[in-house]
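As a plain string of letters, each chain reads:
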Amino acid sequence: APDIPVANVKAHLSQFQSIATANGGNRAHGRPGYLASVTYVKNLLDQAGFTTSQQSFTYNGATGYNLIADWPGGDTSDTLMIGGHLDSVTAGPGINDNGSGSAANLEVALQVARSGFQPDRHLRFAWWGAEELGLRGSTAYVNSLTSAQRSQITGYLNFDMVGSPNPGYFLYDGDNSDGTGSGPGPAGSAQIEATLAAYFTSIGVPTRGTDFDGRSDYGPFIANGIPAGGIFTGAEGTKTSAQVTLWGGTATRFDPCYHASCDTTSNINDTALDRNSDAIAYAVWTLADGGGTEPPP
Ligand code: PHE
Ligand code: ZN
Ligand code: ZN
Ligand code: ZN
Ligand code: CA
């Protein structure tokens, strides 16, 4: 799997910051900074050869948008989706939440195109609207599919907050190895968790589980039995002293600017953003094509 240049991911974050600054300080549902964010991502994907579609939905009297980007090729009955929410709260520009996942996924998608990756599975990337108002965009998307279309989505990877300034490395707990929460994810979620875990093991970074608690856009996927997984570096919670021993940082909040005006380009840990971008690429290459190293048939 390729090494994702973190400078490119950070360049996307600078663009999201500029978009927010030019549009009243946020990129929230129903505000102009949201649609400008969609347009920024869509133009890059169109230029790279993706087939994109902008799906509209209505929530709270405002039009919301999902951006869906298909990479041509692969078995569409075995589609791997990669997504994250592109909207911010109204309080600020939302650079960690969730410019980080949006930018990392964008750069992985662009790397798919640059490398001419032709995996066995079909790849579909998504940038969701109105997550902050209750997973509205991802729910509208899943509900818009027929049951036959839903059954073609055989995995969903979610990235929401992957550059927290005082980061932890949490993987959605697909196997419920910690025995907490509402149980394991749909069958196949354990394999996704294990794939991400293998990447972190390879770079010597420990991970811990985080329960599927319904707080991000994997919710409507697992509710429909679609296996899911992803990475999370922490939000309003406080890092424990045991977690400081594990990961470094300080025994303070993972993201002190969570849902605040200070969630700017200064609110990013570059090392976490770099590691997690590479982990996303590793998971996409491994899950979609056995690492991309199979000999031709
Ligand atoms: N979805 C939450 C938000 O956008 C953050 C979050 C992500 C919480 C992942 C838990 C797990 O505010
Ligand atoms: Zn949020
Ligand atoms: Zn979020
Ligand atoms: Zn687990
Ligand atoms: Ca658990």
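Read on for an overview of the structure. The structure displayed is predicted, hence computed values, not measured ones.

With that settled, the discussion passes to the coordination of the zinc ion (ligand 4). Coordination of the zinc ion (ligand 4) by the protein comes from Asp173 (OD), Asp175 (OD), Ser177 (OG), Glu193 (OE) and Glu193 (OE), over a distance range of 2.0 to 2.7 Å. For the zinc ion (ligand 4), the single-chain donor residues occur in sequence as D-x1-D-x1-S-x15-E. Remark: glutamate 193 occurs in helix H6 (residues 189-202) and serine 177 occurs in the loop between strand E6 (170-172) and H6; sequence separation between them is 16 residues. Since its relative accessible area comes to 10%, glutamate 193 is described here as buried.

Quick look at the side chain of histidine 122 now. Secondary-structure assignment places histidine 122 in strand E4 (residues 121-128). Judged by its relative accessible area of 5%, histidine 122 falls in the buried class. Filtering out sequence-adjacent residues up to four positions away, histidine 122 remains in contact with Asp70, Trp71, Gly73, Gly74, Asp75, Thr76, Asp78, Thr79 and Leu80.

The coordination sphere of the zinc ion (ligand 2), as far as protein atoms go, consists of Asp97 (OD), Glu132 (OE), Glu132 (OE) and His259 (NE2), spread over 2.0 to 2.5 Å. Coordination at the zinc ion (ligand 2) is irregular: its 6 donor atoms span angles of 55 to 156 degrees at the metal. Read from N- to C-terminus, the donor residues coordinating the zinc ion (ligand 2) fall into the pattern D-x34-E-x126-H. Here the zinc ion (ligand 3) and the zinc ion (ligand 2) are spaced 3.5 Å from one another, each receiving a donor from aspartate 97. With aspartate 97 in helix H3 (residues 95-114) and histidine 259 in the loop between helix H8 (241-247) and helix H9 (270-289), this pair connects stretches of sequence that are 162 residues apart.

What counts, and at which threshold
Residues numbered from 1 in each chain as written. Chains lettered and ligands numbered in written order. Predicted model: local features only at pLDDT ≥ 70, side-chain atom pairs only at ≥ 80, totals over all residues. Heavy atoms only, no water. Donors = N, O, S within 2.8 Å, 3.2 Å for Na, K, Ca; no water. Helix = DSSP H or I, 4+ residues; strand = E, 2+ residues; numbered from the N terminus. Buried < 20%, exposed > 50% of the residue type's maximum accessible area, 1.4 Å probe, protein only. Contact = heavy atoms within 4.5 Å. Tetrahedral: all angles 85-135°; square planar, octahedral: opposite > 155°, others 65-115°.

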